[in-house]
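A look at the structure
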Amino acid sequence: MMESPLSLEPLFHLGPVPITAPVVVTWAIMLALALFARLATRRLTLIPGKLQTVLELLVTTIDDQIRDTMQRDPAPFRALIGTIFLYVLIANWSSLIPGVEPPTAHLETDAALALIVFAATIAFGISGRGLRGYLATFAEPSWVMIPLNLIEQITRTFSLIVRLFGNVMSGVFVVGIVLSLAGLFVPIPLMALDLLTGAVQAYIFAVLATVFIGAAVGETDAAVSEQKDTPDDR
């Protein structure tokens, strides 16, 4: 019987703080990503090898997505959006490891990710527009819209939580049920589908985060226009 995703038993305690399985898996993913980034970037060269080429392609793809969505220089947003995408991707795919349940199949993890996006939206909005300018966006197009704009800010955070949780949790349930009924080899196509679904959900979450932050920081800046007018020398 599969346990409810809403009930979690702590594995151990750090002082008064209970540590659950999703937290441990998240720590493992963070450590793995940090070690991979350190090892993959310690010997960068002008003539890239295979691994460096893949990394540069990943960074370029993330930059292009940010630039196309925000119409801004992607540099200030690259670390946040890229980290969110990679974490959600690896967390979703961790369901294929025997005995591991993906952290994103639990509301606590999804709520933490959505709150990070929520806080980043406010921080980048204030940084880009100033405090007064950011607060003024809630009165657009009219002060009558202030309550609705405030509600929208909250509801879209909940939509991030529900979308990621629902899709990942449903995939875990389906693969788990079929695996229990059909044995090991029959669910392999479903596992491949789970890989695709995990990648799509990571992409959607990162794109929505980019859209929300882009709406907060405002209109196109001059940096992108200059970049489009000059050849790419990367």
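From a predicted model like this one, the values you see are computed outputs, not experimental measurements.

About the thresholds
Residue positions within a chain follow its written sequence, with the count starting from 1. Two thresholds apply to this predicted model, a pLDDT of at least 70 for residue-level local features and 80 or more for giving and counting side-chain atom pairs, whereas whole-chain, interface and lining totals are computed over all residues. Computation of side-chain values covers all heavy atoms of the structure but excludes hydrogens and water. Elements are defined by DSSP. Helices are runs of H or I of four residues or more, strands are runs of E of two residues or more, and each kind is numbered from the N terminus. Multiply 1.5 Å by the residue count of a helix minus one, and that product is the helix's expected span. In this scheme, a residue with accessible area under 20% of its type's maximum is buried, one over 50% is exposed, and one in between is partly exposed, where area comes from a 1.4 Å probe on protein chains only. Taking the helix axis as origin, the arc is that swept by the directions to the C-beta atoms. Two rings from Phe, Tyr or Trp (for Trp, the six-membered ring) form a pair when their centres are within 6.5 Å of each other. A pair whose planes differ by under 30 degrees is stacked, one over 60 is edge-to-face, and the rest are tilted. In what follows, salt bridge is the name for a side-chain nitrogen of Lys or Arg lying within 4 Å of a carboxyl oxygen of Asp or Glu. The term nonpolar core refers to a set of buried residues drawn from Ala, Val, Leu, Ile, Met, Phe, Trp, Tyr and Cys, joined through side-chain atoms within 4.5 Å. Note on contacts: a residue pair is in contact if any heavy atoms of the two residues lie within 4.5 Å.

This part takes up helix 2 (residues 50–70). A rise of 1.5 Å per residue sets the reference length of helix 2, with its 21 residues, at 30 Å; its end C-alpha atoms lie 30 Å apart and thus fit the reference within 8%. Taken together, the buried positions of helix 2 are occupied by Gln52, Leu55, Ile62, Asp63, Ile66, Arg67 and Met70. Buried residues of helix 2, viewed axially, fall in a sector of 135°; they line one side. Along helix 2, exposed side chains directed more than 90 degrees from the buried face belong to Lys50, Val54, Leu57 and Asp68. Positive phi shows up at Gln71, right after helix 2, with a value of about 60°.

As a further point, take the packing of aromatic side chains. This structure, assessed with the given rule, holds two aromatic pairs. Centre to centre, the rings of Phe77 and Phe124 are 4.9 Å apart; their planes meet at 55°, and the pair counts as tilted. In this pair, Phe77 sits in helix 3 (residues 75–93) while Phe124 sits in helix 4 (residues 107–129), placing the two residues 47 residues apart along the sequence. What makes Phe77 buried here is its relative accessible area of 5%. The exposure class of Phe124 is partly exposed, given its relative accessible area of 22%.

Throughout the structure, instances matching the rule amount to two salt bridges. A salt bridge links Arg78 to Asp63, with the nearest nitrogen and oxygen atoms 2.7 Å apart. Here Arg78 is found in helix 3, whereas its partner Asp63 is found in helix 2, with 15 residues between them in sequence. Using a relative accessible area of 3% as the deciding quantity, one classes Asp63 as buried.

Helix length check: helix 4 (23 residues) gives 32 Å between terminal C-alpha atoms against 33 Å at 1.5 Å per residue, within 8%. Those residues of helix 4 that fall on the buried side of the exposure criterion are Thr109, Asp110, Leu113, Ala114, Val117, Ala120, Thr121 and Gly125. Positioned one or two residues after helix 4, Gly130 has a phi angle of 85°, which is positive.

Turning to the nonpolar core, a few remarks are in order. Ranked by internal contacts, the top residues of the largest apolar core, which has 32 residues, are Phe77, Ile81, Val88, Val117, Phe205 and Ile213. Mapped by element, the contributors of at least two residues to this core are helix 1 (21–41), helix 2, helix 3, helix 4, helix 6 (146–182) and helix 7 (188–217). Ranked by residue count, the leading element in this core is helix 3, at eight residues. With residues up to four places along the chain from it excluded, the contact list for Phe77 reads Ile66, Met70, Arg72, Phe124, Ile213 and Val217.

This brings us to unusual backbone geometry. With a phi angle near 60°, Gln71 is a residue other than glycine that sits in the positive phi range. Secondary-structure assignment places Gln71 in the loop between helix 2 and helix 3.

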